[in-house]
Amino acid sequence: MKSRSLPGLVLAAVCLSAAPAGAASFAGGDHRMHAHATGSFSITMQPAAAPQRAGHSSLGRVLLEKVYAGDLVATATGQMLNAVTDTRGAAGYVAMEAVTGTLQGREGSFVAQHAGTMADGQQALSIVIVPHSGTGQLTGIRGTLAIRIVDGQHFYDIDYSLPEP
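For clarity, every value in this text was computed on a predicted model and none was experimentally measured.

## Brief notes about the packing of aromatic side chains
Step number 1: Enumeration according to the criterion identifies 2 aromatic pairs in this entry.
Step number 2: Taking 5.4 Å as the distance between ring centres and 35° as the angle between the ring planes, the aromatic pair formed by Phe41 and Tyr68 counts as tilted. Of this pair, Phe41 sits in strand E1 (residues 32–47) while Tyr68 is found in strand E3 (residues 57–70), placing the two residues 27 residues apart along the sequence.
Step number 3: An angle of 75° between the planes, with centres 5.4 Å apart, marks the rings of Tyr68 and Tyr156 as edge-to-face. Within this pair, whereas Tyr68 is found in strand E3, its partner Tyr156 is found in strand E10 (residues 153–163), the two being separated by 88 residues in sequence.
Step number 4: Note on Tyr68: relative accessible area 4%, which makes it buried.
Step number 5: Three or more aromatic residues joined by ring pairs form one cluster here, namely Phe41, Tyr68 and Tyr156.
Step number 6: Geometry around Phe41 places Lys66 over its ring, the cationic atom sitting 4.8 Å from the centre.

Each value, and the rule that gives it
- All residue numbers refer to position in the chain's written sequence, counted from 1.
- Only residues with pLDDT of 70 or above have their local features reported here, since the model is predicted, and side-chain atom pairs are shown and tallied only from 80 upward, although totals for entire chains, interfaces and linings are computed over all residues.
- Only hydrogens and water are removed before side-chain values are computed, so all heavy atoms of the structure are retained for them.
- What counts as a ring pair is set by centres within 6.5 Å for rings of Phe, Tyr and Trp (its six-membered ring), and what kind of pair is set by the plane angle: stacked under 30 degrees, edge-to-face over 60, tilted for all other angles.
- In this text, helices come from DSSP runs of H or I with a minimum length of four residues, and strands from runs of E with a minimum of two, each type numbered from the N-terminal end.
- Note on exposure labels: buried denotes an accessible area under 20% of the residue type's maximum, exposed denotes more than 50%, and partly exposed covers the range between, all computed with a 1.4 Å probe on protein chains only.
- Our definition puts a charge over a ring when NZ of Lys or CZ of Arg is within 6 Å of the ring centre and also within 35 degrees of the ring normal.

Quick look at the structure:
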């Protein structure tokens, strides 16, 4: 096995993360179809265990169930780990959700990975489709999701790509 240096691995990770989600890979001749999907979803959250205190924070694990409507007609299940601090409005979470259904006429499934923080009135949220998690007609899917909440209603936007046949 060839030895790799930590700086080299860090540089590779930075270069890979700088590529836009769903960017075409020309080295392998991978031609991709790019698309945008939008709609709404409902979510049910159920604590999986009692929160635990850790310093100035409360750590929790929550089970998720979602129903998507619009361009994505699907259900999803997942788990979220969160940290809510004693400072009002300061929190963080990570989550994984397995989505199964139909995305703009294509049946299959994929996994979405969430990472979010909130503090001082600012929010940061990253949701990406886990590479190589797509099945069925969603095999090879890449992309990102965004969530909007308007008047208590949840909406999504998905920018994704799939290999062209």
